[in-house]
Amino acid sequence: MRLEISSNADSEVFAFLKSIGESAAPLPGHSLPIFYVSQLLEDNSMGSYVVKRPGPEDRITLLKHANLLNRLSKNMLITIMVALFTESKVLFVDKTLSSLTSTLHALTSLLYPLTWVCIYIPMLSQGIRGLVRDLVQSPSPYVIGILKSDYPKVVRTS
């Protein structure tokens, strides 16, 4: 099989992937720098990328998620996870502050090894209710939690 590389960018990606394929996986909790020749940098210098393998302390524990798994059906959990993975706008409404925040923290931690980098407000306080309209109309995805008792006030505001 013959491999043809069409551009410098393609050859850069090929060289990078080749160096990854030739490297041994790092031990759990350790990092591995991967070096490759970069034609995009001056003088064909070495480019580098660091790969970190998660350690045992980085793993998800089911104890943290017992509340979440007990509260949501399988279909609801799958629907929410799809919304999070596709970076959708998600608004959670709950009766108590503790269950609202623990649910949101558990859901976002289930994205591991990815992390939620968009707007994340586990509890929308009354002080920033005026921003709801701006947040809802924002093109950015978000995860926002709000208490059920505050929901009618926020909807009225926006």
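Before going into details, it helps to say that this report is about the structure given with it. As the structure is a computational prediction, the values presented were derived from the model and not from experiment. (Residues numbered from 1 in each chain as written. Predicted model: local features only at pLDDT ≥ 70, side-chain atom pairs only at ≥ 80, totals over all residues. Heavy atoms only, no water.)

What follows concerns the overall build of the chain. For the chain, the helix and strand inventory stands at 6 helices and 5 strands. In sequence order, the chain lays out its α and β elements as α-β-β-α-α-β-α-β-α-β-α. If you sum the accessible surface of the chain, you get close to 10,900 Å²; carbon and sulfur atoms cover 60% of it. (Helix = DSSP H or I, 4+ residues; strand = E, 2+ residues; numbered from the N terminus. Areas by Shrake-Rupley, 256 points an atom, 1.4 Å probe, with all protein chains shown as cover.)

Glancing now at the side chain of D94. By secondary structure assignment, the location of D94 is in strand β3 (residues 90-94). Among the residues examined, D94 registers a relative accessible area of 12% and is labelled buried. With residues near it in sequence (within four places) discarded, D94 still touches R71, S99, L100, I146, L147 and K148. (Buried < 20%, exposed > 50% of the residue type's maximum accessible area, 1.4 Å probe, protein only. Contact = heavy atoms within 4.5 Å.)

Phi is positive for E87, close to 50°, though the residue is something other than glycine. Tracing the chain through its elements places E87 in the loop between α3 (74-85) and β3.

The subject of this paragraph is the environment of V90. Structurally, the position occupied by V90 is in strand β3. C-alpha of V90 to C-alpha of I144: the two residues are 54 residues apart in sequence and 6.4 Å apart in space. Not counting residues up to four positions away in its chain, the partners in contact with V90 are A83, L84, Y142, V143 and I144.

With that settled, consider the pattern of salt bridges. Under the defined criterion, the tally for this structure stands at 1 salt bridge. Notably, a salt bridge pairs D94 with R71, separated by 2.8 Å at the nearest N-O pair. Of this pair, D94 sits in strand β3 while R71 sits in helix α2 (residues 66-71), placing them 23 residues apart in sequence. (Salt bridge = Lys/Arg side-chain N within 4 Å of Asp/Glu carboxyl O.)

What follows is about α3. Its 12 residues give α3 an end-to-end C-alpha distance of 16 Å, which sits within 8% of 16 Å, the value for a rise of 1.5 Å per residue. Those residues of α3 that fall on the buried side of the exposure criterion are L77, I80, M81, A83 and L84. Here the buried residues of α3 occupy an arc of 160° about the axis, which is enough to place them on one side. More than 90 degrees from the buried face of α3, the exposed residues found are K74, N75, I78 and T79. Directly after α3, the chain includes E87, whose backbone phi takes a positive value near 50°. (Expected span 1.5 Å × (residues − 1). Arc of directions from axis to C-beta.)

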